[in-house]
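What the coordinates show
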Amino acid sequence: MIIIFMWGTGCKTNQVASRTAIDTTRTILPAPETSRQEALPQSKDSIPEWVSKPGAYNPSATRFSDLMHTRLKIRFDWGKQQAIGEAVLTLKPFFYPQNTAVLDAKGFNIQSVKLITGTTNKNLQYTYDNQKLTVKLDKTYTRNQEYKIQINYVANPNNLQVKGSAAITSDKGLYFINPLGKEPNKPRQIWTQGETEANSAWMPTIDSPNERMTQEIYLTVESQYTTLSNGLLVSSVKNADGTRTDYWKMDKPHAPYLAMLAVGEFAIVRDKWQNLEVNYYVEPAYKNTAKAVFGNTPEMMEFFSKKLGVDFPWQKYASIVVRDYVSGAMENTTASVFMESLQLTKRELLDTNWDFIIAHELFHQWFGDLVTMESWANLPLNESFANYSEYLWEEHKYGKASADALNLKELNGYLAEAETKQEPLIRYRYQDKEDMFDSHSYAKGGRVLHMLRNYVGDDAFFTALKNYLSKNQFTSVELAELRMAFEDVTGEDLNWFFDQWFLKPGHPDLKVEHTYQNGQIQISVIQQQDSLYTPVYRLPITVAVWNGKQKKEHDLIITKAKQTFTLPATDKPNLVLFDAKQQLLGKINHLKTDDELLYQFYNVNQYLAKYESISKLADKVNDPKILAMMRAALKDETPQIRSAALSALAKYTGSESSALFKDLQLIAKNDKKSIVRADAVTTIAALPNAAVSPVLDLLARQSSVKNLRNSE
Ligand SMILES: [Zn+2]
């Protein structure tokens with residue numbers, strides 16, 4: 001799933017929660033790491049604000065019964081907002097003999113529960129508490145004995161007590177949009193949202209990510225509606241009462257939370273990858289722009305299949321846009337759902353590119369759907385990968401600098417959240433499983449994978465991922481399985497990496513200083529983060545030393561809270577670039593002179609290095625040398641660098657504004673990127689003595705200056 005993070009608002013909620021937790025639970029913080037707990041300071045003031053109250057341990061669901069297959073016949077009552085269903089579940093004991101089956105079924109009216117015995121079906125005794133259906137079987141079954149239960153029911157999602165969270169605003173599973181057709185300009189739709197455990201609000205199941213089933217869904221709808229579900233559409237039959245029954249079949253097993261259905265008036269825009277159908281379902285009004293939004297999907301399928309060495313694993317891939325969606329998007333197997341922002345007019349398309357969200361849901365088809373986290377505590381095994389796919393796609397399609405700009409934005413997103421909470425990525429002690437859907441699981445996780453890739457190298461990284469996917473396909477996993485995949489490939493014990501990054505909270509906060517004396521550079525590194533709650537990190541780091549045009553790289557391994565390294569150098573260096581691969585998840589405070597920053601801009605052809613120079617020198621833009629650098633940055637090939645320079649130049653108050661004005665005017669008129677053109681207009685307006693009419697003229701020429709998230 002993807003969530004559109006709003007850093008300001010989201011963090012505020014968390015901040016309140018963690019404060020409350022600290023105030024009330026100082027003395028009863030339970031945790032597995034006793035030494036750390038014993039060391040907890042007793043003064044409430046000395047506990048950092050971001051230390052959250054650990055919840056109880058959340059184990060993976062114990063597998064008593066194994067759901068092998070779901071065969072569901074379902075139709076809808078729009079007026080009552082109900083689903084009328086008949087489910088036949090094929091089950092068997094997971095290992096130990098069982099004489100009961102416990103199913104998740106939320107808010108149902110249960111009409112009957114029967115054992116299918118062939119000719120006559122046998123009524124079974126059951127108890128039901130509105131959440132769990134406990135069925136007493138006719139005998140004790142052993143692990144090789146399958147049995148089938150038929151449940152007839154009516155699902156009432158609107159009668160459920162809706163919980164939801166900041167990330168997923170509701171959990172009632174099945175949604176009727178404009179059910180009575182009373183809202184003008186809004187289509188009537190029905191769609192589902194399973195993650196986390198909400199599909200049991202419309203079908204009886206075992207609603208746990210470590211379950212896995214094949215499925216058949218028969219959807220009966222009024223004839224004007226199109227349907228979508230997982231797998232392939234096998235048949236479509238007209239009924240005597242004027243309705244139609246679509247039969248969708250999913251013959252590869254997936255987790256119940258990935259099941260979906262959607263009903264509505266959709267246009268189907270058809271595309272293809274190899275021999276597979278790739279379809280985009282949108283409201284008919286957006287039929288002509290659907291390909292402009294989703295059209296990179298086949299290229300992404302090709303790119304990810306090649307990169308991972310594992311072909312897209314399912315029978316088809318569909319993307320559907322629905323109204324009033326409760327999150328950003330959801331990676332249901334073979335059928336991802338997207339929020340309505342992905343329906344765009346031609347004009348909106350000029351500024352907007354939703355590749356990141358499309359790549360994210362597509363990558364989940366491998367990481368999440370083919371290989372599934374075994375519990376919500378392991379959510380980063382799904383989301384870190386999907387998040388990192390946004391980087392991989394950006395790097396492939398638009399180049400490394402663009403991808404590194406994304407990397408920085410994601411890092412800053414995590415760091416903003418880390419002001420108010422710091423949690424281990426793999427989090428067994430969450431308070432509420434919905435809390436897992438935060439910037440830790442997404443942005444931090446993605447950056448951790450980026451560091452892992454940098455550490456082991458591309459060949460090892462993608463070989464390990466291929467092995468991990470191949471070995472664990474159609475199963476659920478926990479972190480150790482990922483670690484072992486990397487250890488098997490690299491031959492190195494990687495507990496240190498996985499432990500500090502996945503199992504401990506926080507991030508390094510480094511103070512770096514360098515001096516030069518008598519042919520030696522001394523680099524001192526202090527890990528300033530709170531060592532009571534976060535680890536002292538082991539950090540393999542590359543330092544690049546520049547002398548004239550010569551660059552020499554040194555690989556260091558930081559292992560201590562305070563450490564000094566000595567590097568040979570014949571002359572005083574022009575620049576010492578710490579973390580030259582620019583991959584570290586954390587903060588680096590390395591003081592540099594203006595000359596060093598200028599040198600860095602002109603000599604280090606990397607996004608982060610240039611961005612650092614621009615942002616650190618932005619307040620001195622009246623200095624001629626710095627002004628010249630900013631003007632050079634306006635010609636940079638990376639749009640994010642041009643935009644950064646434009647925002648720095650808005651601070652210019654000097655007298656040379658006419659030459660600068662010409663530069664800016666050219667960009668405002670001709671830059672390839674509409675967002676950069678818009679930034680140029682803003683900068684021109686901010687310049688002293690800016691003539692207003694040329695600015696208005698420029699604005700009028702822009703086909704659009706709207707700036708949506710991730711438009712670059
Ligand atoms: Zn996701």
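Residue numbers restart at each chain and count upward from 1, following the sequence in its written direction. pLDDT decides what is reported in this predicted model: residues at 70 or higher carry local features, side-chain atom pairs at 80 or more are listed and counted, and totals for whole chains, interfaces and linings draw on all residues regardless. The side-chain figures draw on all heavy atoms in the structure; neither hydrogens nor water molecules are used.

**Quick word on the overall build of the protein chain**
For the protein chain, the count of helices and strands is 19 helices and 29 strands. In the protein chain, which comprises 712 residues, the share counted as buried stands at 58%. Using a 1.4 Å probe, accessible areas were evaluated by the Shrake-Rupley method; residue-level cover was limited to the displayed protein chains. Total accessible area on the protein chain stands at roughly 29,500 Å², and carbon and sulfur atoms take up 50% of it. Only runs of H or I of at least four residues qualify as helices and only runs of E of at least two qualify as strands under DSSP, and these elements are numbered from the N terminus. The rule is simple: take the accessible area with a 1.4 Å probe, protein chains only, and divide by the maximum for that residue type; under 20% is buried, over 50% is exposed, in between is partly exposed.

**Section: the pattern of salt bridges**
Salt-bridge detection follows one rule: a side-chain nitrogen of Lys or Arg within 4 Å of a carboxyl oxygen of Asp or Glu. In this structure the tally under the stated criterion is 30 salt bridges. A salt bridge links Asp-619 to Lys-651; its shortest N-O distance comes to 3.0 Å. One end of the pair, Asp-619, is in the loop between helix 14 (607–617) and helix 15 (624–633); the other, Lys-651, is in the loop between helix 16 (639–649) and helix 17 (657–670), and 32 residues separate them in sequence. Asp-619 gets classed as exposed once you look at its relative accessible area, which sits at 65%.

**So, the packing of helix 4 (residues 297–308) against helix 6 (residues 355–364)**
It is at 10 Å that the axes of helix 4 and helix 6 come closest, and there the two elements cross at 50 degrees. Considered as vectors, helix 4 and helix 6 are oriented oblique to each other. Crossing of helix 4 against helix 6: the hand is right-handed. For the pair helix 4 and helix 6, the contacting residues are Thr-297, Met-300, Met-301, Phe-304 and Leu-308 in the first and Asp-355, Ile-358, Ala-359, Leu-362 and Phe-363 in the second. When residue character is reported, Ala, Val, Leu, Ile, Met, Phe, Trp, Tyr, Cys and Pro are called nonpolar, Asp, Glu, Lys and Arg charged, and the others, Gly included, polar. Tallied by class, residues from the contact of helix 4 with helix 6 come to eight nonpolar, one polar and one charged. Axis angles are defined between N-to-C directions and span 0 to 180 degrees, where every axis is a line fitted to C-alpha atoms and, for a helix, only to the segment in contact. The labels follow the angle: roughly parallel below 35 degrees, roughly antiparallel above 145, roughly perpendicular from 65 to 115, and oblique for the rest. Left-handed describes a crossing whose near helix is turned anticlockwise from the far helix through less than a right angle; right-handed describes the clockwise counterpart. Note on contacts: a residue pair qualifies if any of its non-hydrogen atoms lie within 4.5 Å across the two residues.

**Regarding the sheet that holds strand 27 (residues 562–568)**
Taken in spatial order, the four strands of this open sheet run 27-24-23-29, and their pairing is mixed. Looking at which strands have only one partner, the edges of the open sheet turn out to be strand 27 and strand 29 (587–590). On average, each strand axis in the sheet is inclined to that of its neighbour by 20 degrees, with strand direction left out of account. Two strands qualify as a pair provided DSSP detects at least 2 bridges between them. Examined bridge by bridge, strand 23 (residues 509–517) and strand 29 share four bridges and lie parallel to one another. Paired with Leu-510 across the two strands is Ile-588, which belongs to strand 29.

**A short note on the coordination of the zinc ion**
Each protein donor to the zinc ion is listed here as Met-1 (N), Met-1 (O), His-360 (NE2), His-364 (NE2), Glu-383 (OE) and Glu-383 (OE); together their distances run 1.9 to 2.8 Å. Coordinating donors are taken to be N, O and S atoms lying within 2.8 Å of the metal, or within 3.2 Å when the metal is Na, K or Ca; because water is excluded from the atom set, some sites may appear incomplete. Under this scheme a four-donor centre is tetrahedral when all angles range from 85 to 135 degrees, a four-donor centre is square planar and a six-donor centre octahedral when opposite donors are above 155 degrees with the rest from 65 to 115, and any other centre is irregular. Every donor counted, the six donor atoms about the zinc ion form angles of 51 to 155 degrees at the centre, which fits irregular coordination. Read N to C, the donor residues that coordinate the zinc ion are spaced as M-x358-H-x3-H-x18-E. One end of the pair is His-360 and the other is His-364, both in helix 6 and four residues apart, which spans about a single turn.

**So, the environment of Pro-380**
For Pro-380, the location among the structural elements is in helix 7 (residues 380–398). Taking relative accessible area as the criterion, Pro-380 reaches 1% and is therefore assigned buried. Linking Pro-380 and Tyr-442, residues 62 residues apart in sequence, is a C-alpha distance of 6.8 Å. If we skip the residues at most four places from it in the chain, Pro-380 touches Phe-385, Leu-425, Ile-426, Met-436 and Ser-441.

**Remarks on unusual backbone geometry**
Geometrically, the link from Glu-195 to Thr-196 is a cis peptide bond, its omega value of 10 degrees lying close to zero. Within the secondary structure layout, Thr-196 lies in the loop between strand 10 (189–192) and strand 11 (213–222).

**Details of the pairing of strand 15 (residues 261–264)**
Every regular strand shows the same layout, with side chains that alternate between the two sheet faces. Burial of strand 15 is two-sided: the residues Leu-261 and Val-263 facing one way and the residues Ala-262 and Gly-264 facing the other way are all buried. Judged from the three bridges that link them, strand 10 and strand 15 form a sheet pairing that is antiparallel. Within strand 15, the position partnered with Ile-190 by the bridge is Val-263. Pairing of strand 12 (residues 226–229) with strand 15 involves four bridges; the strand directions are antiparallel. Considered in strand 15, the bridge of Thr-226 is made with Gly-264.

**Side note on the packing of aromatic side chains**
Think of it this way: a Phe, Tyr or Trp ring, Trp meaning its six-membered ring, pairs with another when their centres are within 6.5 Å, and the plane angle makes it stacked under 30 degrees, edge-to-face over 60, tilted otherwise. In the structure shown here, the tally under the stated rule is 43 aromatic pairs. Taking the centre distance of 5.7 Å and the plane angle of 85 degrees together, the rings of Trp-50 and Tyr-533 count as edge-to-face. Remark: Tyr-533 occurs in the loop between strand 24 (520–527) and strand 25 (539–547) and Trp-50 occurs in the loop between helix 2 (34–38) and strand 1 (65–77); sequence separation between them is 483 residues. Residue class for Trp-50 comes out buried when judged on its relative accessible area of 13%. With a centroid separation of 5.2 Å and 15 degrees between ring planes, the pair formed by Phe-498 and Phe-502 is classed as stacked.

**Observations concerning a nonpolar patch on the surface**
A residue counts toward a patch only above 30% relative accessible area and without a salt bridge, and it is joined to like-charged neighbours within 9 Å or, for Val, Leu, Ile, Met, Phe, Trp and Tyr, to nonpolar neighbours within 5 Å. Among the surface-exposed residues, Phe-94, Phe-95 and Tyr-96 lie close enough to one another that they form a single nonpolar patch of about 340 Å² accessible area. Mapped onto the fold, Tyr-96 is located in the loop between strand 2 (82–93) and strand 3 (98–104). Tyr-96 gets classed as exposed once you look at its relative accessible area, which sits at 60%.

**Here we look at the confidence of the model for the protein chain**
Within a predicted model, pLDDT stands for the predictor's per-residue confidence, ranging from 0 to 100. Confidence in the prediction for the protein chain averages 91 pLDDT; 90% of positions are at 70 or higher. With pLDDT under 50 throughout, residues 705–712 is counted as low confidence; its partners more than four residues away or in other chains account for 24 contacts.

**Considering the packing of helix 6 against helix 7**
Their axes nearest at 8 Å, the elements helix 6 and helix 7 cross at an angle of 125 degrees. The angle between helix 6 and helix 7 falls in the class oblique. For the element pair helix 6 and helix 7, the recorded crossing hand is right-handed. Every residue of helix 7 that contacts helix 6 at Asp-355, Phe-356, Ala-359, His-360, Phe-363 and His-364 is listed here: Asn-382, Glu-383, Phe-385, Ala-386, Asn-387, Ser-389, Glu-390, Leu-392, Trp-393 and Tyr-398.

**Describing the pairing of strand 23**
One ladder, built from eight bridges, connects strand 23 with strand 24; its direction is antiparallel. Looking at the pairing, Glu-513 lines up with Ser-524 of strand 24. In sequence, strand 23 turns back onto strand 24 through a hairpin of two residues, with Asn-518 there showing a positive phi of about 45 degrees.

**Focus on helix 10 (residues 458–472)**
Taking 1.5 Å as the rise per residue, helix 10 with 15 residues should run 21 Å; its terminal C-alpha atoms sit 21 Å apart, in good agreement. Taken together, the buried residues of helix 10 touch helix 4, strand 21 (371–373), helix 7, helix 9 (440–456), strand 22 (475–477) and helix 11 (479–490). Looking one or two residues past helix 10, Phe-474 carries a phi angle of roughly 60 degrees, positive in sign. Expected helix span is given by 1.5 Å per residue-to-residue step, counting one fewer step than there are residues.

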